[in-house]
Amino acid sequence: MSKLKRELYRDPSRGKIAGVCAGLSDYFNMELWLVRIIFISAVLLTGGPFFIVAYIACWFILDKKELSADEILKTSDKEERPVEVKFKVWQAGEPPRRALQDLKEQLSRVDSRIQTMEKYVTSPEFTVSHEINKL
């Protein structure tokens, strides 16, 4: 089994202050709200100044996450995207019920496109244009 090389970045596009918690949630494949709750709990219940200084240090040390060409296309084209199902509450991804609904919507869009193509291919217009192209 091959391991993907993961790197720790901060993600300001999803973050509230600097995106450090968003980067940690991506790195550990956890829900963003859970990472924020853990951080706030750590600040309030333990050594607050230590975690605040660590957050500020990560803000300056970690690089910003750059969007790749695939991610830019995914954000602009919401039509076809991979569905990531989470199996535990703390994991990032969609709950199984929502993932099933998304897959059903994608399959219905594909089905309607196939029906449109089938109507065209079986129409007399297609036959005439095909015969003209053969000449």
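Rules and cut-offs
- Residues numbered from 1 in each chain as written.
- Predicted model: local features only at pLDDT ≥ 70, side-chain atom pairs only at ≥ 80, totals over all residues.
- Heavy atoms only, no water.
- Core = buried A, V, L, I, M, F, W, Y, C linked by side-chain atoms within 4.5 Å.
- Buried < 20%, exposed > 50% of the residue type's maximum accessible area, 1.4 Å probe, protein only.
- Helix = DSSP H or I, 4+ residues; strand = E, 2+ residues; numbered from the N terminus.
- Contact = heavy atoms within 4.5 Å.
- Phe/Tyr/Trp six-rings, centres within 6.5 Å; stacked < 30°, edge-to-face > 60°.
- 1 Å grid on protein atoms, 1.4 Å probe; cavity = no way out; pocket = protein on both sides within 12 Å on 5 of 7 lines; lining within 4 Å.
- Points joined across faces, edges and corners; volume = space filled by probe spheres on them.
- Nonpolar A, V, L, I, M, F, W, Y, C, P; charged D, E, K, R; others polar.

## Side note on the nonpolar core
Argument step 1. Formed by A18, V20, C21, A22, M30, L32, L34, V35 and Y55, the largest nonpolar core amounts to nine residues.
Argument step 2. Contributing elements (two or more residues each) for this core: helix 1 (20-28) and helix 2 (32-45).

## Some points on helix 1
Argument step 1. The complete set of buried residues in helix 1 reads V20, C21, A22, G23 and S25.
Argument step 2. The secondary structure elements touched by the buried residues of helix 1 are helix 2 and helix 3 (48-61).
Argument step 3. At the exit of helix 1 stands N29, carrying a positive phi of roughly 55°.

## Focus: the packing of aromatic side chains
Argument step 1. Taken as a whole and assessed by the stated rule, the structure comprises five aromatic pairs.
Argument step 2. Here F39 and Y55 contribute two aromatic rings whose centre-to-centre distance is 5.2 Å and whose plane-to-plane angle is 45°, an arrangement assigned as tilted. Within this pair, whereas F39 is found in helix 2, its partner Y55 is found in helix 3, the two being separated by 16 residues in sequence.
Argument step 3. What makes F39 partly exposed here is its relative accessible area of 23%.
Argument step 4. Aromatic pair Y120 and F126: ring centres 5.5 Å apart, planes at 70°, arrangement edge-to-face.
Argument step 5. A relative accessible area of 28% means that F126 is categorised as partly exposed.

## Quick notes on the layout of surface pockets
Argument step 1. Put simply, the second largest pocket is a space of about 220 Å³.
Argument step 2. For the lining of the second largest pocket, the secondary structure elements donating two or more residues are helix 1, helix 2 and helix 3.
Argument step 3. With four residues, the top contributor of residues to the lining of the second largest pocket is helix 3.
Argument step 4. Considering only residue class, the lining of the second largest pocket consists of ten nonpolar, two polar and two charged.

## Here we look at the environment of W33
Argument step 1. Summarising the element assignment, W33 is placed in helix 2.
Argument step 2. In this structure W33 comes out as partly exposed when scored by relative accessible area, which is 45%.
Argument step 3. Expressed as a C-alpha distance, the spacing of W33 and C21, which sit twelve residues apart in the sequence, is 8.9 Å.

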